[in-house]
Amino acid sequence: MGDRKTLRTYFCIRLFFFNPSALPSELKRKGRFDENFFVDLPTVPERAQILSIHVQRFGITVEDEYLEAIATPRITA
């Protein structure tokens with residue numbers, strides 16, 4: 001028989017969800033994932049800042065009060 005080479009495969013699984021309590025207990029078991037971390041949704045001023053970054057990329061100028069009016073907390077994507 002020839003030399004046997006060990007093949008190592010690494011993979012990464014990322015899960016994104018809005019309601020962690022809805023996950024099945026099998027996925028929440030200790031040791032199932034290396035890291036669990038939570039990121040809160042942005043506030044209205046933070047959403048307005050994110051919008052201004054994207055708008056500036058296209059060379060569009062929009063007043064801050066309009067951006068804050070668009071940056072509603074009801075819409076999350």
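Up top you'll find the structure we're talking about.
Nothing here was measured: the structure is a model prediction, and the numbers come from that model.

## So, the overall build of the chain
Next up, step 1: Along the backbone of the chain there are 3 helices and 0 strands.
Next up, step 2: Order of helices (α) and strands (β) in the chain, N terminus to C terminus: α-α-α.
Next up, step 3: Scored against the burial criterion, the 77 residues of the chain give a buried share of 9%.
Next up, step 4: Surface exposure of the chain reaches about 8,000 Å², of which carbon and sulfur atoms provide 56%.

## Some details on the side chain of Ser52
Next up, step 1: Here Ser52 lies in helix H2 (residues 44-57).
Next up, step 2: Ser52 gets classed as buried once you look at its relative accessible area, which sits at 17%.
Next up, step 3: A polar side-chain atom of Ser52 sits 2.7 Å from the main-chain carbonyl oxygen of Gln49.

## Quick word on a nonpolar patch on the surface
Next up, step 1: A contiguous nonpolar surface patch, about 430 Å² in accessible area, is contributed by Phe58, Ile60, Val62 and Tyr66.
Next up, step 2: Within the element layout of this structure, Val62 appears in the loop between H2 and helix H3 (64-70).
Next up, step 3: On the basis of relative accessibility, which here comes to 33%, the residue Val62 falls in the partly exposed class.

About the thresholds
Within every chain, residues take consecutive numbers counted from 1 along the sequence as written. Local features are withheld for residues below a pLDDT of 70 in this predicted model, meaning they are given only at 70 or higher, and side-chain atom pairs are given and counted only at 80 or more; totals for whole chains, interfaces and linings count all residues. By convention in this description, side-chain values take in all heavy atoms of the structure and omit both hydrogens and water. Strands here are runs of E lasting at least two residues and helices are runs of H or I lasting at least four, both read from the DSSP assignment and numbered beginning at the N terminus. Think of it in three bands: residues with accessible area under 20% of the maximum for their type are buried, residues over 50% are exposed, and the middle band is partly exposed, with areas taken using a 1.4 Å probe on protein chains only. Using the Shrake-Rupley algorithm and a 1.4 Å probe, accessible areas are obtained, with residue cover drawn only from the displayed protein chains. In the analysis that follows, any N or O atom pair within 3.5 Å is treated as a polar contact, provided that within protein one partner can donate a hydrogen and the other can accept it, and provided that, for residues neighboring in sequence, both atoms belong to side chains. Only residues above 30% relative accessible area that lack a salt bridge enter a patch, with like-charged residues linked at up to 9 Å and the nonpolar side chains Val, Leu, Ile, Met, Phe, Trp and Tyr linked at up to 5 Å. Salt bridges are identified by distance alone: a Lys or Arg side-chain nitrogen within 4 Å of an Asp or Glu carboxyl oxygen.

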